[in-house]
Amino acid sequence: MSLSQIAKTISASPTLKLNEKAAILREKGDPVIHLGGGEPKSKAPMDAIISAVSNLNSAEVRYTPAEGIPALKKSIIRYTEEFYDRKVAPENVIASGGAKQAIMVALQAILNQQEEVIYPAPYWVSYPEMAKLCGAIGVPVLPEDGSFYPRIQDIEQRVGSYTKAIIINSPNNPSGAMYSEEFISDIVSFCEKKDIWLIMDDIYHRLIFDGRKPINCYKYAKNLTETSKLIVVNGVSKQYAMTGFRIGWAVGNKKVIEAMANIQGHQTSGPSVVLQKAAVGALNGIQSGVESLRLTLENNRNVMIDYLNSFEGVRVTKPDGTFYCFADFSNYNKSSNKLSEFLIDKVMVLTVPGAEFGMEGYLRLSYCGTIKEITEGIERMKWALDPNSPNELYIGDRKLVRDWS
Ligand SMILES: Cc1ncc(COP(=O)(O)O)c(C=O)c1O
């Protein structure tokens, strides 16, 4: 079939594909444990629901401005003041269909064909595909010290004449690593010095543990004028457990935001007004849900780490935030895709292969589910992978028998 070059190079989102696989197995009645999820299980804030319902009740659900409704922009401006200590104008703000679209239109607004966008590995699965969608080239940078914490010199070495932008996602999906203040300060200064766009994907910035505080990149910016090439992306998906509402945003200089709005206007138009109203409700409403989600995730992380630490052969780095742990299973199988397939086939535990995030031998395990899912999921994995485990495992009244060694 004569599909476009771009279409031929874009692969399906592996996480969305895995969600589908889990749903199909569950529908068949299989007791699947989903450790591959990318969304909190708590409910959306009541203020979000009330706000959306009141818009729906008006029965007048119309188009919105391409860059978002004024009420949402106002809430984002207030949010930016609260968490980034920065006052911005409505023209510095765009609301999009999730942080995903905000990043996509930002890249479309700044990248030319063949130009490069750099991001540390492990990286969010969509960055390479987004670069391809722009006809540009994604350049992952593996920290040379083998950790999940990029060093400025690792990135500096990869920057060349084609480098147009750098994306930093901290705390990071999939590793949960929150990069140091020093690194954020260095990368902000470096990008200013080199005149490179810097996209801060801060979607998990409040979901952090052990007393950490969100890092404010603007604190290190010398250029806070309309020539600044710093773009900060955030959204309601993770912190307010509103993944299905599809509202995210970007804050940047007026020219780039205008370009992003022009692109978005032809791509999708402004996000649904109902969902923008919901986001306004979440941002302006009672905030206690964010802290209770954060506490739940921190507790879940502790349980997962304890269980994984007792799993001989698995190497774990304690996540600083998010709801992901990126563990090294290469002792069991060098191919993360094969291992992930083995685990779903044999013990119905869904994990995401590290190869999708640019690091082979790892699995991403989510702890956004229940404690029972975490503990039972890891127990099943242990049973499947440890050659000394008993021959049989009961899941409810279903008996699994080892037919592998
Ligand atoms: C690092 C990162 N950035 C952006 C997004 C997109 O978020 P949204 O649901 O708001 O589009 C995700 C979602 O998984 C993510 O993990």
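Everything here concerns the structure above.
Computed from a predicted model, the values in this text were never measured in an experiment.

Before going further, it helps to examine the environment of Y162. Within the element layout of this structure, Y162 appears in the loop between α7 (152-158) and β5 (163-169). Residues Y162 and V117, 45 residues apart in the sequence, show an inter-C-alpha distance of 8.6 Å. Leave out the neighbours within four places in its chain, and Y162 touches Q114, E115 and E116.

This brings us to the pairing of strand β2 (residues 93-97). Looking down a regular strand, the side chains alternate between one sheet face and the other. Along β2, 4 of the 5 residues are buried, which leaves the element largely enclosed by surrounding structure. Two strands pair when backbone bridges link them, and β2 and strand β8 (residues 247-251) are joined in this way by 5 bridges, in the antiparallel orientation. Counterpart to A95 in the pairing with β8 is W249.

This paragraph deals with the nonpolar core. If you look at the biggest cluster of nonpolar residues, it comprises 137 residues, and the most contacted ones within it are I166, I168, I184, I187, L308 and F329. Sequence-distant contacts of I187, that is, excluding residues within four places in its chain, are made with I152, I155, I166, I168 and L198.

Let us now look at the site of the ligand. In the vicinity of the ligand, the contacting residues are G98, A99, K100, W124, N169, N173, D201, I203, Y204, S237, K238 and R246. Taking K100, its main chain carries an N or O atom lying 2.9 Å from an oxygen atom of the ligand. Contact distances for the ligand include 2.7 Å between an oxygen atom and a side-chain N or O atom of N173. Starting from 400 Å² of accessible surface for the ligand in isolation, the protein chains cover 93%.

Each pair of packed helices gets described by two things: the angle between the helix axes and the distance between those axes. Where helix α5 (residues 98-110) contacts helix α9 (residues 254-267), the axes come no closer than 9 Å and their chain directions differ by 110°. Between α5 and α9, the crossing angle belongs to the class labelled roughly perpendicular. Of the two possible hands of crossing, α5 and α9 adopt the one that is right-handed. Residues Q101, A102, V105, A106, Q108, A109 and I110 of α5 form the contact with α9, whose own contacting residues are V256, A259, M260, I263, Q264 and Q267. For the contact of α5 with α9, the residue count by class is 9 nonpolar, 4 polar and no charged.

This part covers the side chain of Q239. Within the fold, Q239 resides in the loop between β7 (230-235) and β8. Overall, the relative accessible area of 2% leaves Q239 in the buried class. At 2.9 Å, the side chain of Q239 and the side chain of Y79 are in polar contact. A distance of 2.7 Å separates the side chain of Q239 from the side chain of R206, its partner in a polar contact. Beyond its immediate chain neighbours, meaning those up to four positions away, Q239 contacts Y79, R206, L207, N234, W249, V290 and L293.

The strand order across the open sheet formed by 7 strands is β2-β8-β7-β6-β5-β3-β4, and the pairing between neighbours is mixed. The open sheet is flanked by β2 and β4 (137-141), the only strands paired with a single partner. In this sheet, neighbouring strand axes are inclined to one another by 25° on average, regardless of whether the strands run parallel or antiparallel. Here β7 pairs with β8 via 4 bridges, running antiparallel. Looking across to β8, one finds that V233 is bridged to A250. With respect to the sheet, helix α6 (residues 126-133) is in contact with β3 (116-120), β4, β5 and β6 (197-201), its orientation differing from that of β3 by roughly 175°.

Looking at the secondary structure, you find G281 in helix α10 (residues 273-284). In the structure, G281 is positioned 97 residues away from I378 in sequence and 37 Å away in space, judged by C-alpha atoms. When residues no more than four places from it in sequence are discounted, the contact partners of G281 are D47, A48 and S51.

Along the chain, N172 falls in the loop between β5 and α8 (181-194). On the basis of relative accessibility, which here comes to 2%, the residue N172 falls in the buried class. A distance of 3.5 Å separates a polar side-chain atom of N172 from the backbone oxygen of N169. In this structure, N172 is in contact with P122, A177, Y179 and T322, ignoring residues within four places of it in sequence.

Analysis parameters
Residues numbered from 1 in each chain as written. Predicted model: local features only at pLDDT ≥ 70, side-chain atom pairs only at ≥ 80, totals over all residues. Heavy atoms only, no water. Helix = DSSP H or I, 4+ residues; strand = E, 2+ residues; numbered from the N terminus. Contact = heavy atoms within 4.5 Å. Buried < 20%, exposed > 50% of the residue type's maximum accessible area, 1.4 Å probe, protein only. Pairing = 2+ DSSP bridges. Core = buried A, V, L, I, M, F, W, Y, C linked by side-chain atoms within 4.5 Å. Near = heavy atom within 4 Å. Polar contact = N/O pair within 3.5 Å; in protein donor to acceptor, adjacent residues only side chain to side chain. Areas by Shrake-Rupley, 256 points an atom, 1.4 Å probe, with all protein chains shown as cover. Axes fitted to C-alpha atoms, helices over the stretch in contact; angles between N-to-C directions. Parallel < 35°, antiparallel > 145°, perpendicular 65-115°, else oblique. Left-handed = near helix turned anticlockwise from the far one by under 90°. Nonpolar A, V, L, I, M, F, W, Y, C, P; charged D, E, K, R; others polar.

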